Each structure stands twice: as C-alpha cells, then as structure tokens.
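An overview of the molecular structure
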Amino acid sequence: AYLPSFPPDLKRLYYLQRSRANRRFVSGELWVTDLETGKKQRLLPDFQMQHYNVSPDGKQVTFVTTDPTGHAPLYIATLDGSSAPRRLSSLDCVRALFAPDGDVFFVGGQEGNMFLQRIKPDGTGLQKVIPDQVTFLYDISPDGKWLATWVGSDVRAYPSTGGSPIPICAACAGAGTEDRGITPPLVSWSRDRKLVYLYSEERSEERRVGKE
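Residues numbered from 1 in each chain as written. Predicted model: local features only at pLDDT ≥ 70, side-chain atom pairs only at ≥ 80, totals over all residues. Heavy atoms only, no water.

**A short note on the state of the cysteines**
Short version of the rule: By convention in this document, the label disulfide applies to cysteine sulfur atom pairs within 2.5 Å. When accessible area is computed with a 1.4 Å probe and restricted to protein chains, residues below 20% of their type maximum are described as buried, those above 50% as exposed, and intermediate ones as partly exposed.
Tallying each qualifying case throughout the model produces 1 disulfide. Between Cys 169 and Cys 172 runs a disulfide, and the two sulfur atoms are separated by 1.7 Å. Judged by the sign of its S-S torsion, about 75 degrees, the cystine formed by Cys 169 and Cys 172 is right-handed. Accessibility expressed as a relative area gives 25% for Cys 172, which makes it partly exposed.

**Quick word on the pattern of salt bridges**
Defined as follows: A carboxyl oxygen of Asp or Glu within 4 Å of a side-chain nitrogen of Lys or Arg is what we treat as a salt bridge.
Enumeration over the complete set of coordinates arrives at 6 salt bridges. Between Arg 12 and Asp 9 there is a salt bridge, and its shortest N-O distance comes to 3.2 Å. For Arg 12, a relative accessible area of 23% puts it in the partly exposed group. For Asp 9, a relative accessible area of 38% corresponds to the partly exposed category. Overlapping salt bridges, with partners in common, bring together Asp 101, Asp 103, Arg 118 and Lys 120 in one network.

**So, the packing of aromatic side chains**
To be explicit about the condition: Stacked, edge-to-face and tilted are the three classes for Phe, Tyr and Trp ring pairs, Trp counted by its six-membered ring, which pair at centre distances within 6.5 Å; planes under 30 degrees apart are stacked, over 60 edge-to-face, the rest tilted. A run of DSSP states H or I qualifies as a helix once it reaches four residues; a run of E qualifies as a strand once it reaches two. Both are numbered from the N-terminal end. Either the NZ atom of lysine or the CZ atom of arginine qualifies as a charge over a ring when it sits within 6 Å of the ring centre and within 35 degrees of the ring normal.
Applying the stated rule across the entire model yields 4 aromatic pairs. Aromatic side chains Phe 63 and Tyr 75 sit 5.6 Å apart centroid to centroid with 10 degrees between the ring planes, which places their arrangement in the stacked category. Linking Phe 63 in strand β6 (residues 60-65) with Tyr 75 in strand β7 (residues 74-78), this pair joins segments that are 12 residues apart in sequence. No difference in accessibility class separates Phe 63 from Tyr 75, as the two residues are buried. Aromatic ring contacts, followed pair by pair, group Phe 47, Phe 63 and Tyr 75 into a single cluster. Seen from the ring of Phe 115, Lys 128 lies directly overhead, with NZ or CZ sitting 3.9 Å from the centre.

Purely geometric numbers; function is a separate question.
Here's what the structure looks like:
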C-alpha cells in the first residue's frame, strides 16, 4: 500500500493498494480504513489508479487511471457512490489535486507537451494556468494561492492565478524515480500555511553514502 492521505475530519485513511492484476508499479486499488473501527473497504472497484486526491469537503475524489488504449484520463467520483464516476478530461494526465475552492489542478496534455491545467468539478472551464511546460504538480498551498511544480529541472511555486514564480530549489526536481509513491512528497505545505517542507533525494543519498 502507498500514497496514504487523510480527509479533513481525520477519521479515515485513504491509500492505494497494489494489485496483481496491474503490472504498473505506481498503480492500484483505492481503499479506505475507518480509524475508529479498523474496518477496510475498497472504493471504485472498476478502476486502477495512478494517483488520487480527496476533495476538501471529503465528499469527492479525483483520480488518474489508465484506459485500454494506454492513455491516462482524469476522472472525478463521489466517495459514497451516490453517482457514477465522470471523466473530467481526456488529456493524458500525470497528477491532479483539488484546490480549496473545489477546482481541480492537474498536469495534462500529450507526451512531451504537458502543461499545468485547471478545470471545474463539473468539467467546465478548462484552462492552461501558465505558459511553461510542467512535469509534475507537487502540492497546492492550503489557501489555494500557490502551486508547487516541477518545471525544467527546478521546483517552483507559481501563483494559482498565473504570474511569475518563486523558486524553491534549482536542479532538485524529481518524483521519487523507482521509489515514486513510497518516498515522502518532495514538496508539501503545513496545514497552518506557515511552512513548506522539501524532501531532498540528493541529501538523502549523501547521508547514505556517508554512512557507508
């Protein structure tokens, strides 16, 4: 199991569980565990997911899956099963996150030509956020004003409304390579909005080499 996450009420734990039916390393079934009772339940059993994100109100989930043609479209679904999952975008997607206002930000496009996109949960209002090509979206600040992204080889924070970025670190971008989904998030905000955490694979490697 990997990619654990808590909903806002902190009463459950969501995670992906790797399936023998899928050979992709970072792909699996969405499960939830009730932290009070320990009861586990698989959600959306018709889908294998590469990434997922629970909405701020804890009622919806957006996720990237792989269709039979090898493409990776973006979907949205209710967590209580009250409505069928809907495709939000047919673009090939890498990662999608809910903003505090409910909009969905994702990296999508065609291979070698991926951009940071924004779309409303009803599927309308698709727009490109910045002109730069983007490899990965790490996190959205709790107030929804900043987007931590992988651009070129750098990690930058862009305003969610567009504009010039703030550099976080140079030549440090990565998604965990073979450990993707297991290592800590490379960039993440604290919930009180006061701190940004940065996981440095280079520093971790230096420490390992030093110990050896």
